[in-house]
Amino acid sequence: MRQWQVQSIDEISARLISQWWELLDNTPEFESPYFTPTYVQTVARVLPNVEVAFLADGKRLNAVFPFERLDGNVAGAVGRTLADYQGIIYRDGTSIDPEALLHAAELVRWEFDHVFPVKQPLASNCWAIWSSPQMDLSKGHQAYIDMVYDRSANLKKTVRTGQNRMTKALGALTAGKQQCESDLLEPLLQWKCDQYEAQHRKHPFREPWVRELLRLWMQQTDDRFRGEIVYLKAADKPVALHYCLRSQTVSHFLVNTYDFDSARYSPGLVSMLMAAEEGAYGDVQRVDFGKGLEGYKSRLATAETMVGEGCVDLNHTRYVLNQTLQRSRYRFLRSQWADPVRSLARRAAAKVPAVRTLLHMR
């Protein structure tokens, strides 16, 4: 039986990188920028201790597990809070034993909050499973637009009214995307920081490593992996911006924001749907919004996938205690009491920021 081998990403040979791409070509389920070697390599230029465990059978690579080594013996997601998909990439029929993987990599625990796909052998290690809503563009941009407007006349009215009012107040609207060097990255980050900080919420967007990665991804030119910004402009002035990380056919909305002065025009909804109408998503067949309960996701989504939150832990006692605690927490979050308690906590945190730290609120 083949054993897992582990190397720093900097030690991985060009031959192994080529085999990694071949593995992705033959496992369409893992079509996502987060599973590409380029993603892992760019993160490793900014963050330390990025490693790759792999299973190979002769000349064929059967499984890859990229991770960041934390505290010496804990595996975390490559890209930390920016990683919307995490997990082990493997061929159908490959037997995966997560505990054997941890032993081989000299790890005691693997923590994840966006593991994909949610199926065995990892499904039983998830204490929560979340929907990740998506725009399905596989039948064409116009087919998607027709579907969401047929489903909700109110959405169509909101978007058309926003377009008309914005045009009248601000000027002609255009939707599109920018790649490579972009003058839109700084305003996007500033708007997003302002949005979180106005609500006294924690966020990563002033972290140097986050900003550097977003810039690096924008500089990529490979259709299989690159960052780009989808925009809505009024009279050539940006009013809504969306940072997307994409592979050939899948795009993840990583950062969404807009000019607060234009909020009354619903610029976020207008921009996402105008971008679809004008073909700004290109060859992308799925746009993944990421897990979360934001209202725009349910209004725009025509498909979904599931991601899991949990851990694999070689310390069985700690695993059981953690699993029990976290499952109880998520049962509460999905109960009828969650919304009023969350609303009360947010109001308290807005007045007393220490409450946010005490309750581990974002």
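Residues numbered from 1 in each chain as written. Predicted model: local features only at pLDDT ≥ 70, side-chain atom pairs only at ≥ 80, totals over all residues. Heavy atoms only, no water.

Quick word on the nonpolar core
Residues Trp20, Tyr39, Trp110, Trp217 and Tyr243 are the most contacted members of the largest nonpolar core, which totals 79 residues. Considering each element in turn, this core owes the most residues, seven residues, to helix α7 (residues 208–218). In terms of nonpolar packing, the next biggest core, distinct from the first, is built from 32 residues, Tyr144, Leu155, Tyr265 and Phe289 among them. (Core = buried A, V, L, I, M, F, W, Y, C linked by side-chain atoms within 4.5 Å. Buried < 20%, exposed > 50% of the residue type's maximum accessible area, 1.4 Å probe, protein only. Helix = DSSP H or I, 4+ residues; strand = E, 2+ residues; numbered from the N terminus.)

So, the pattern of salt bridges
All chains considered together, the criterion is met by 18 salt bridges. One salt bridge in this structure joins arginine 91 and glutamate 22, with 2.5 Å as the shortest N-O distance. Of this pair, arginine 91 sits in the loop between β5 (89–90) and α3 (98–104) while glutamate 22 sits in helix α1 (residues 14–25); the two residues are 69 residues apart in sequence, bridging distant segments of the chain. Glutamate 22 sits in the partly exposed class, given a relative accessible area of 31%. Here lysine 297 makes a salt bridge to glutamate 294, at a shortest N to O gap of 3.0 Å. Using a relative accessible area of 41% as the deciding quantity, one classes glutamate 294 as partly exposed. Put simply, Lys177, Asp223, Arg226, Glu228 and Arg246 are held in one network by salt bridges that share partners. (Salt bridge = Lys/Arg side-chain N within 4 Å of Asp/Glu carboxyl O.)

Structural notes on α1
If you check α1, its first and last C-alpha atoms are 17 Å apart, about what 12 residues at 1.5 Å a residue would give, namely 16 Å. The inward-facing, buried residues of α1 abut α2 (37–44), β2 (50–57), β3 (60–70) and β5. (Expected span 1.5 Å × (residues − 1). Contact = heavy atoms within 4.5 Å.)

Remarks on the side chain of threonine 94
By the secondary structure assignment, threonine 94 is in the loop between β5 and α3. Engagement of the side chain of threonine 94 in a polar contact is seen with the backbone oxygen of arginine 91, the distance being 3.1 Å. Residue contacts for threonine 94: discarding those within four places in its chain leaves Leu55, Asn62 and Ala63. (Polar contact = N/O pair within 3.5 Å; in protein donor to acceptor, adjacent residues only side chain to side chain.)

What about unusual backbone geometry?
Going from phenylalanine 116 to proline 117, the amide bond is cis rather than trans, its omega being -5°. The topology assignment puts proline 117 in the loop between β6 (109–115) and β7 (126–136). Cis geometry marks the peptide bond from glutamine 120 to proline 121; its omega dihedral reads 15°. Considering the arrangement of structural elements, one finds proline 121 in the loop between β6 and β7. At histidine 200, a position not held by glycine, the phi torsion is positive, near 55°. Within the fold, histidine 200 resides in the loop between α6 (185–198) and α7. The class of histidine 200 is partly exposed, set by a relative accessible area of 38%. Phi at alanine 235 takes a positive value of approximately 50°, unusual for a residue other than glycine. Looking at the element boundaries, alanine 235 is found in the loop between β9 (226–234) and β10 (237–246).

Some thoughts on the pairing of strand β13 (residues 303–313)
By the criterion of burial, β13 is predominantly enclosed, with eight of the 11 residues buried. Pairing between β6 and β13: five bridges, direction antiparallel. Considered in β13, the bridge of arginine 109 is made with aspartate 313. Where β7 meets β13, eight bridges bridge the pair, whose relative direction is antiparallel. Bridge pairing links serine 132 to threonine 305 in β13. (Pairing = 2+ DSSP bridges.)

Examining helix α5 (residues 153–170)
In this model, α5 (18 residues) spans 25 Å end to end at C-alpha, consistent with the 26 Å of a helix rising 1.5 Å per residue. What α5 keeps buried is the set Leu155, Val159, Gly162, Gln163 and Met166. Seen from one end, α5 has its buried residues packed into an arc of 100°, which puts them on one side. In α5, those exposed residues whose orientation departs by more than 90 degrees from the buried face are Ala153, Lys157, Asn164, Arg165 and Lys168. At its buried positions, α5 is contacted by α4 (141–151), β8 (173–179), β9, β10, α8 (267–277) and α9 (295–300). Looking one or two places after α5, you find glycine 171, whose phi comes out positive at around 120°. (Arc of directions from axis to C-beta.)

Considering the packing of aromatic side chains
Inspection of the entire model under this criterion finds 17 aromatic pairs. Centroid distance phenylalanine 253 to phenylalanine 289: 5.7 Å. Interplanar angle 80°. Geometry classified as edge-to-face. With phenylalanine 253 in strand β11 (residues 250–258) and phenylalanine 289 in the loop between β12 (286–288) and α9, this pair connects stretches of sequence that are 36 residues apart. Residue class for phenylalanine 253 comes out buried when judged on its relative accessible area of 2%. With relative accessibility at 3%, the residue phenylalanine 289 sits in the buried group. Three or more aromatic residues link up through ring pairs in this structure, and these residues are Phe30, Phe35, Tyr85, Tyr90 and Phe116. Looking at arginine 80, its charged tip hangs above the ring of tryptophan 209, at a distance of 5.5 Å from the centre. (Phe/Tyr/Trp six-rings, centres within 6.5 Å; stacked < 30°, edge-to-face > 60°. Lys NZ or Arg CZ within 6 Å of the ring centre and 35° of its normal.)

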